[in-house]
Amino acid sequence: MSYKRLSLANGDIFSESHLIHLEDGVDNVVNQSLKFKEKMATILSSKGIPAYKDETLDQIAYKINQLGTAIVHNDDVDEELIDIRETCPSGCIQMVYSDERTANAAFAVWTKDKGSYTVDWGDGSSNTYANGANANHTYKLGSGAPFKGSNTQFIVTIRASGGNVIERFKVNGDQQMQWFVSKDVYFTNIDTMFSQHNYTNGYAPLNLKYVDIIGGSMASKETTATGTFRDCRNLERVTGVIDLSTATNTHSFFCNCQKLTQIPSVLNLSSSTDVNNFFSDCRSLQQVPASLDIRRAINCSSMYNGCWELRAVPEIIDLSAATNINTMFQNCKALTRVPELKNSNNVQNANSLFAYCERLEEVYPILNLPSCVDFNSMFRGCLSLVDAPSTITMTSATTAYDLFRDCTKLENAPRTINAPALKTGERLFYNCTALRVAPTSLSFDFATSLFHMFYNCTNLVTPPTVINMPSVLTAYELFAGCRFLEVCKTEINAPMATNIGGMFINCISLREVADEYSFPEAITANNLFNNCQMLQRPPRLNLPKAENVSYMFNSCYNLESSLPYSFPKARNLTEFYRNCKMLSVVESFDVPECDNMYGMYREMSSISSIATIGGPKVQNVQHMFYSSSQSNIINIPNRIDLSSCTNADWTLYNGGNSPITSDCITFIGLRSGINFYGHPNVKAIRIENQSNLCLDLNFSRCGMNADAINQLFRDLQRTNVARTINVSGNPGASTCDASLATAKGWKVTK
């Protein structure tokens, strides 16, 4: 189609638009907006391009500007190939074959009149074949025209006996076809024409570079035109008329044509209900026709998936019939702008719609998908996206995990996300490292999994005001790694959550949090504030069913106060306050089921008062005070229950003289060794219900007189294995009665 560029009058109506006027279409522009748009819409519609009179002038201008424009004109060919565009006779098919790897040619032709067809093999031989019969030929190596060094090439010419209408043409075998040209030939069925997947067991010609339809056309007079060029991995160009106007199924038409750069300027898909994988893995394709009409397509899945170099698609895509658009633009790595998805009310699956569009910078501000249930990974890996759609309609969404995952330049999230039917939505903004402002409100009434919501959003400074997730079960590490988040008083409603571990882990700038967090069903609540280095005041915690609360305030260097905590089901308090260097007073714990207090107060340089050590079920208190400055500790419990403890070694000791002051400290149920030495202000030490499994005991350099030491010896139970009790350095060590202990099998060091 011929076309020319014309600039319009300077009137306000056209001041921003330069249109192409088709020579066979409009010659005079009516300088009236409505009449002009109606006329243009009529012309465009007559040519199979969707247009509506209520569209803006610029939208209609865009469509006219694209109509008739070839998609990447490229007439370059391999200089070593014979150019059969000039040699092909009218009414014939010509092909160039090489003997680069094999010397075989194979195909089949079905003619309209069911008559025979003749093949001139280009080496002096020819054959006539019955309708639909396979034509096979083996060349003598090196007998053709020169091609790529020692290889040669041959021109094959096909002519049907009954005229220039070919019902079907099939390529058989991975041959050396390099070029396909038809002149004034009309193909009426092109389903799987060059495809590797067809009912005659043919295979795609993997070396085919060019397909030129000169005059005539490739058309589908039947309903199916699937996989026509599928897997032609070296195909670079398809020119001429391809008429798909009657085809209802066109899936995989150009699928996996990895080097394709040029296609016909008009592809009429107005009847197609299935366009899935139509251009999938066309890695070199940069543009597609702006006139593509897929309004009747139900399945648009992966239509452009893997088009790495694709830069231009229709500005408006009418999805009136579509229910499946999953991965439609996935891996379009060069695409910077995506179209308006119009009439998308029926879409149910939009999984990975724009995933890994690495250069995508701009999306349409409103994404209306009210029937869509699958939003998974929709924008995942869009590394250049700065602004998300301000509004996303997710009223039917049931799954939306990884929605914006790894959008590392995303600064502006949707203002609100309301997904009342959502069930799984984990990692919504995972690793959005540039995100500063989160949606104001997040509401997920039925979601059961929402973990890693803002994980590693390192620049987040304004969190949501409310996160409502009344049905969620897993919500761990919601804000983990938000390194610049200073204040987070988000109201988090998660009454059914069983795992909320690591909620603020590694939020190193976090100073203020909500006054209270209540998670009545949480079982896992470890690492809630681990490495929140600037946190000063702890919140109240209602965790009646939590079993793991370990590392709760680990490395909260600036924590200045503590609260009494009751965790009636907690079993693990490992390193609960480790590295809280500013904390001096540790309030009491009510943890009747706890069995692990390993390193609970280690590396606390300011610690002075501790209300809880051990418990009736605690099995491990090892390194409880490891590397802490015990020279500041004044108050510890007078009764320390170690009745279940199998490892209390190096629990509370001091190389110098500690200020711990007590008239008497009683250890209950000792069944392991213990090092409790260097406490000159502890006047008496008692042991109740000592186990016969008890190991060596070190109470050296405490403040016990002889009577106190003798009473300690009387508390000892008999041992059948030699054990040592060390009371050296105590005031009464030299005058105590060691026989009270040795008579029970103990060795006394004094």
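Residues numbered from 1 in each chain as written. Predicted model: local features only at pLDDT ≥ 70, side-chain atom pairs only at ≥ 80, totals over all residues. Heavy atoms only, no water.

Asker: A description of the pairing of strand β10 (residues 165-171) should follow, citing residues and the corresponding values.
Answerer: Most of β10 sits out of view: five of its seven residues are buried. Direction of pairing for strand β4 (residues 104-111) relative to β10: antiparallel, over a ladder of five bridges. Each residue of the ladder has a partner; that of W110, found in β10, is R168. Sheet topology places β10 next to strand β12 (residues 186-187); two bridges connect them, and they run parallel. By the bridge assignment for β12, I166 is matched with F187. (Buried < 20%, exposed > 50% of the residue type's maximum accessible area, 1.4 Å probe, protein only. Helix = DSSP H or I, 4+ residues; strand = E, 2+ residues; numbered from the N terminus. Pairing = 2+ DSSP bridges.)

Asker: I'd love a proper account of the nonpolar core, names of residues and values included.
Answerer: Among soluble globular proteins, nonpolar side chains are generally buried collectively. Counting residues in hydrophobic clusters, the biggest one holds 204 residues, and the most contacted among them are F169, F180, F254 and F279. Not counting residues up to four positions away in its chain, the partners in contact with F169 are I93, M95, F107, A108, V109, W110, I158, F180, F187, M193 and F194. (Core = buried A, V, L, I, M, F, W, Y, C linked by side-chain atoms within 4.5 Å. Contact = heavy atoms within 4.5 Å.)

Asker: Let's hear about the sheet that holds strand β34 (residues 665-668): which residues, and what values?
Answerer: Taken in spatial order, the three strands line up as β33-β34-β36 in an open sheet, and their pairing is parallel. Of all strands in the sheet, those with a lone pairing partner are β33 (639-641) and β36 (685-688), marking the two edges. The average angle at which neighbouring strand axes cross in this sheet is 20°, direction not considered. Here β33 pairs with β34 via three bridges, running parallel. Bridged to D641 within β34 is I668. (Axes fitted to C-alpha atoms, helices over the stretch in contact; angles between N-to-C directions.)

Asker: A description of the environment of V77 should follow, citing residues and the corresponding values.
Answerer: With respect to the helices, strands and loops of the structure, V77 is situated in the loop between α2 (57-66) and β3 (92-98). Take V77: its relative accessible area is 23%, and that puts it in the partly exposed class. Sequence-wise, V77 and K209 are 132 residues apart; in three dimensions their C-alpha atoms are separated by 8.7 Å. Discounting residues that sit within four places of it in the chain, V77 has contacts with R85, W179, Y210 and R237.

Asker: Go over the side chain of R237, please, and point to the residues and values.
Answerer: Checked against the element boundaries, R237 lands in strand β15 (residues 237-239). Reaching out from R237, the side chain makes a polar contact with the side chain of D212 at a distance of 2.6 Å. (Polar contact = N/O pair within 3.5 Å; in protein donor to acceptor, adjacent residues only side chain to side chain.)

Asker: Describe the confidence of the model for the protein chain, and please don't skip the residues or the numbers.
Answerer: On average, the protein chain scores 87 in pLDDT, and the residues at 70 or more come to 86%. Confidence over residues 1-32 falls short of pLDDT 50; this stretch has 50 contacts with residues more than four positions distant or in other chains. Segment residues 198-202: pLDDT under 50, and 15 contacts once partners within four positions in sequence are set aside and those in other chains are kept. (pLDDT = per-residue confidence, 0-100.)

Asker: Provide a residue-level description of the packing of aromatic side chains, including the pertinent values.
Answerer: Here the structure, examined in full by the defined rule, presents 46 aromatic pairs. Aromatic side chains F354 and F379 sit 5.4 Å apart centroid to centroid with 25° between the ring planes, which places their arrangement in the stacked category. With F354 in the loop between β18 (340-342) and β19 (366-368) and F379 in the loop between β19 and β20 (391-393), the pair connects residues that are 25 residues apart, well separated along the chain. The residues F354 and F379 share a single accessibility class, namely buried. Between F479 and F504 the ring centres are 5.4 Å apart and the planes differ by 5°, which places this aromatic pair in the stacked class. Here F479 is found in the loop between β23 (466-468) and β24 (487-488), whereas its partner F504 is found in the loop between β25 (491-493) and β26 (512-513), with 25 residues between them in sequence. Neither F479 nor F504 differs from the other in exposure class; each is buried. We note R405 situated over the ring of Y430; from NZ or CZ to the ring centre the distance is 4.3 Å. (Phe/Tyr/Trp six-rings, centres within 6.5 Å; stacked < 30°, edge-to-face > 60°. Lys NZ or Arg CZ within 6 Å of the ring centre and 35° of its normal.)

Asker: Summarise the layout of surface pockets; cite the residues concerned and give the values.
Answerer: Its volume calculated, the second largest pocket comes out at about 250 Å³. Forming the walls of the second largest pocket are 13 residues, and the residues nearest its centre are E512, V513, D515, R537 and P538. When its residues are assigned to classes, the lining of the second largest pocket shows six nonpolar, two polar and five charged. (1 Å grid on protein atoms, 1.4 Å probe; cavity = no way out; pocket = protein on both sides within 12 Å on 5 of 7 lines; lining within 4 Å. Points joined across faces, edges and corners; volume = space filled by probe spheres on them. Nonpolar A, V, L, I, M, F, W, Y, C, P; charged D, E, K, R; others polar.)

Asker: Any chance you could break down the environment of M604 for me, citing the residues and the numbers?
Answerer: Among the secondary structure elements, M604 is positioned in the loop between β31 (589-590) and β32 (609-610). Residue classification places M604 among the buried residues on the basis of a relative accessible area of 0%. For the pair formed by M604 and Y557, sequence separation is 47 residues and the distance between their alpha carbons is 9.0 Å.

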